[in-house]
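# Summary of structural features
The residues making up each chain are set out below.
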Amino acid sequence: MSAATTRSRTPDRLCAEAVDLARAAAEEAAAPGVVGEHVSAVSEGDRVVTHFFECKDPGYRGWRWAVTVTRASRAKNVTLDETVLLPGEDALLAPEWVPWSERLRPGDMGPGDLLPTDAEDLRLEAGWSGEDAPPPNSVVSPEMAELVEAEDADVTDRAVVPVRGSITSVAEELGMRRARVLSRYGLHTAADRWDESFGAKTPMAQAAPASCVSCGFLVAIGGSLGQAFGVCANEFGPADGRLVSLSYGCGGHSEAAVMPKPPRPAPPVLDSMASDEFPLRATPDTGSLSPTDLSEADLGHS
């Protein structure tokens with residue numbers, strides 16, 4: 001370690017003793033009663049020392065007033081260099097600033113809010129905005145027309161593309177004539193986001209009796225996303241009106257269970273339509289009581 005390094009780490013004596021000068025500078029910059037006790041003095045270089053004072057402002061908990069003093073070579077007069085308020089190790093700091101485009105979360109937009117889209121947004125790509133132009137290999141293209149004329153050939157009507165099937169009409173039907181449309185990246189990220197909310201790995205789908213692909217409440221959608229997603233139309237389901245994965249499912253599946261019919265009581269079973277006699281006194285033939293003996297017994301006759 002060199003002598004210069006050792007001197008830079010050792011606070012200059014005159015600068016280190018200038019605590020009153022540093023406190024007066026801190027009190028001048030701060031509000032009355034905000035500057036607290038002297039905390040420490042740190043050497044910033046040759047004849048440069050920074051004095052730290054406690055900050056008593058409730059809004060700056062853990063911050064410190066830092067006053068830097070210095071003196072010229074061979075001079076005994078210490079002068080003020082800088083006064084600032086710096087955070088300490090346990091200072092209460094504001095979170096790191098994040099651009100609004102990174103802070104925005106789903107559901108943050110409200111009525112009247114505008115969300116500008118970056119011109120280089122990876123989720124979007126340019127749509128089709130050209131005029132009706134036949135493909136290069138079509139017989140009605142300029143290149144092929146010149147070739148036909150040179151060879152004195154005929155162009156059949158079968159090669160003419162009808163207006164109903166023109167590029168413009170197809171692009172209009174597919175929604176490709178917008179200024180920008182979803183890119184493959186935009187489609188994939190949207191599919192991943194929807195699958196996370198209403199996909200096969202959700203607890204609801206894991207406990208479902210069947211998947212949405214066989215549910216009668218599923219409304220099919222067009223395009224490439226229709227191969228993996230649909231719209232739920234079950235008003236009692238947890239995903240009513242939401243885009244759900246075909247592998248999603250819930251207890252409201254149309255074929256999960258059939259409502260049982262109310263039970264009907266069994267019809268009564270009758271062995272005969274006549275009453276049976278049960279005598280209480282035995283008769284000579286059967287050994288049982290006859291109706292006559294039963295009546296005499298009831299009247300007390302022997």
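Summary of the structure given here. (Residues numbered from 1 in each chain as written. Predicted model: local features only at pLDDT ≥ 70, side-chain atom pairs only at ≥ 80, totals over all residues. Heavy atoms only, no water.)

### Some details on the pairing of strand S3 (residues 63-70)
- For S3, the tally of buried residues reaches seven of eight residues, placing the bulk of the element in the interior.
- Here strand S2 (residues 48-55) runs beside S3; their pairing, made up of seven bridges, is antiparallel. Bridge assignment links Val48 to a residue of S3, and that residue is Thr70.
- When S3 meets strand S4 (residues 79-87), the two strands line up antiparallel, connected through eight bridges. Within S4, the position partnered with Trp65 by the bridge is Leu85. (Buried < 20%, exposed > 50% of the residue type's maximum accessible area, 1.4 Å probe, protein only. Helix = DSSP H or I, 4+ residues; strand = E, 2+ residues; numbered from the N terminus. Pairing = 2+ DSSP bridges.)

### A look at helix H3 (residues 19-29)
- All of the buried residues along H3 are Ala22, Ala25 and Ala26. Mapping the buried residues of H3 onto a view down its axis gives an arc of 100 degrees, with all of them on the same face. In H3, those exposed residues whose orientation departs by more than 90 degrees from the buried face are Asp20 and Glu28.
- Those residues of H3 that are buried lie in contact with strand S1 (35-45), S2, S3 and S4. (Arc of directions from axis to C-beta. Contact = heavy atoms within 4.5 Å.)

### Concerning the sheet that holds strand S8 (residues 229-232)
- Pairing within the open sheet is antiparallel, and its three strands lie in the order S7-S8-S9. Looking at the sheet topology across the chains shown, the edges are occupied by strand S7 (218-220) and strand S9 (243-245). Between one strand axis and the next, the sheet turns through 50 degrees on average, direction left out of account.
- Strand direction decides the pairing type here: S7 and S8, joined by three bridges, are antiparallel. By the bridge assignment, Val219 is partnered in S8 with Val231. (Axes fitted to C-alpha atoms, helices over the stretch in contact; angles between N-to-C directions.)

### A closer look at empty space enclosed by the protein
- Applying the stated criterion across every chain, the model contains one cavity of 30 Å³ or more.
- Volume-wise, the largest cavity comes out at about 110 Å³.
- For the lining of the largest cavity, the residue count by class is nine nonpolar, five polar and no charged. (1 Å grid on protein atoms, 1.4 Å probe; cavity = no way out; pocket = protein on both sides within 12 Å on 5 of 7 lines; lining within 4 Å. Points joined across faces, edges and corners; volume = space filled by probe spheres on them. Nonpolar A, V, L, I, M, F, W, Y, C, P; charged D, E, K, R; others polar.)

### Here's the deal with unusual backbone geometry
- One non-glycine residue, Arg47, lies in positive phi territory at about 60 degrees.
- Tracing the sequence through the fold places Arg47 in the loop between S1 and S2.
- Using a relative accessible area of 29% as the deciding quantity, one classes Arg47 as partly exposed.
- A positive phi angle, near 65 degrees, is found at Arg74, a position not held by glycine.
- Relative to the assigned elements, Arg74 resides in the loop between S3 and S4.

### Focus on helix H7 (residues 184-197)
- In this model H7 runs 20 Å from its N-terminal to its C-terminal C-alpha over 14 residues, within 8% of the 20 Å that 1.5 Å per residue would give.
- Tucked into the core, H7 has its buried residues touching strand S6 (180-182) and S8. (Expected span 1.5 Å × (residues − 1).)

### A few points about the environment of Thr79
- Mapped onto the elements of the fold, Thr79 is located in strand S4.
- Given the relative accessible area of 36%, Thr79 is considered partly exposed.
- Remark: the alpha-carbon pair of Thr79 and Cys15, spanning 64 residues in sequence, is separated by 8.7 Å.
- Ignoring any residue separated from it by four or fewer positions in sequence, one finds Thr79 in contact with Leu21, Val69 and Thr70.

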